[in-house]
Amino acid sequence: MPSMIATPTSPSQSWPAMADGAKYLLSMGRFQTEAVRMALRYQVEMLNFLKNRREQDLKLLEDLLSPDHLNETFDLCCCFWQNAFLDYSDEAVRIAEIGSDAAAETAKQVREEQELLTKDIAGQTVM
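The shown structure was predicted, so the numbers you read here are calculated from the model rather than taken from an experiment.

## As for the pattern of salt bridges
Tallied over the full model, the rule gives seven salt bridges. One salt bridge connects arginine 37 with glutamate 34, and the closest N-O pair in it is separated by 2.7 Å. Residue arginine 37 and its partner glutamate 34 are located together in helix α2 (residues 21–65), separated by three residues, close to a single helical turn. For glutamate 34, a relative accessible area of 9% puts it in the buried group. Across the salt bridge formed by arginine 54 and aspartate 57, the nearest N and O atoms sit 2.9 Å from each other. Of this pair, arginine 54 and aspartate 57 both sit in helix α2, three residues apart, which is roughly one turn of that helix.

## Structural notes on the state of the cysteines
If you walk through the whole model with that rule in mind, you get zero disulfides. Unpaired in terms of disulfides, cysteine 78 finds its nearest cysteine sulfur in cysteine 77, a separation of 7.1 Å. Note on cysteine 79: no disulfide assigned, nearest cysteine sulfur contributed by cysteine 78 at a separation of 8.7 Å. Judged by its relative accessible area of 38%, cysteine 79 is partly exposed.

## Description of the side chain of arginine 53
Tracing the backbone shows arginine 53 in helix α2. Setting aside anything within four residues of it in sequence, one finds arginine 53 in contact with Phe80, Asn83, Ala84, Asp87 and Tyr88.

## Regarding the environment of asparagine 83
Its location among the elements puts asparagine 83 in helix α3 (residues 73–126). In sequence terms asparagine 83 and glutamine 56 are 27 residues apart; their C-alpha atoms lie 9.2 Å from each other.

## Structural notes on the environment of phenylalanine 31
Its place among the elements puts phenylalanine 31 in helix α2. Sequence separation of phenylalanine 31 and threonine 106 is 75 residues, and the distance between their C-alpha atoms is 7.3 Å. Once residues lying within four places of it in the same chain are set aside, the contact partners of phenylalanine 31 are Thr106 and Val110.

How each quantity is defined
- Residues numbered from 1 in each chain as written.
- Predicted model: local features only at pLDDT ≥ 70, side-chain atom pairs only at ≥ 80, totals over all residues.
- Heavy atoms only, no water.
- Salt bridge = Lys/Arg side-chain N within 4 Å of Asp/Glu carboxyl O.
- Helix = DSSP H or I, 4+ residues; strand = E, 2+ residues; numbered from the N terminus.
- Buried < 20%, exposed > 50% of the residue type's maximum accessible area, 1.4 Å probe, protein only.
- Disulfide = S-S within 2.5 Å.
- Contact = heavy atoms within 4.5 Å.

So, to be careful, I would describe these as geometric facts and stop short of saying anything about function.
Given below as structure tokens:
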């Protein structure tokens, strides 16, 4: 008479794709860590940029209050806004480059991990 008690099967026998759940979770964790790292990098870059711009704002105010530049107010303001525009456009280019580099690196890492997971799952399916 056959036994009525079912024998448990291991997850790797019934679901080969789920056997690598830990690897999948680790991969997702790395992806999230990279996203947080890039967000912090953006913040550092923006804070450095804003610090520089605030220093330029302070310099403009000091120059405007200086008796030496009393007749040059218009020229000081024009020069300030020209430099501000150039600084903001340069910073926009830098942020776009950082984002592009980060996206390319993240895509490369995700592709490599996907290939490893695919090979592992294919190897377990064969077994």
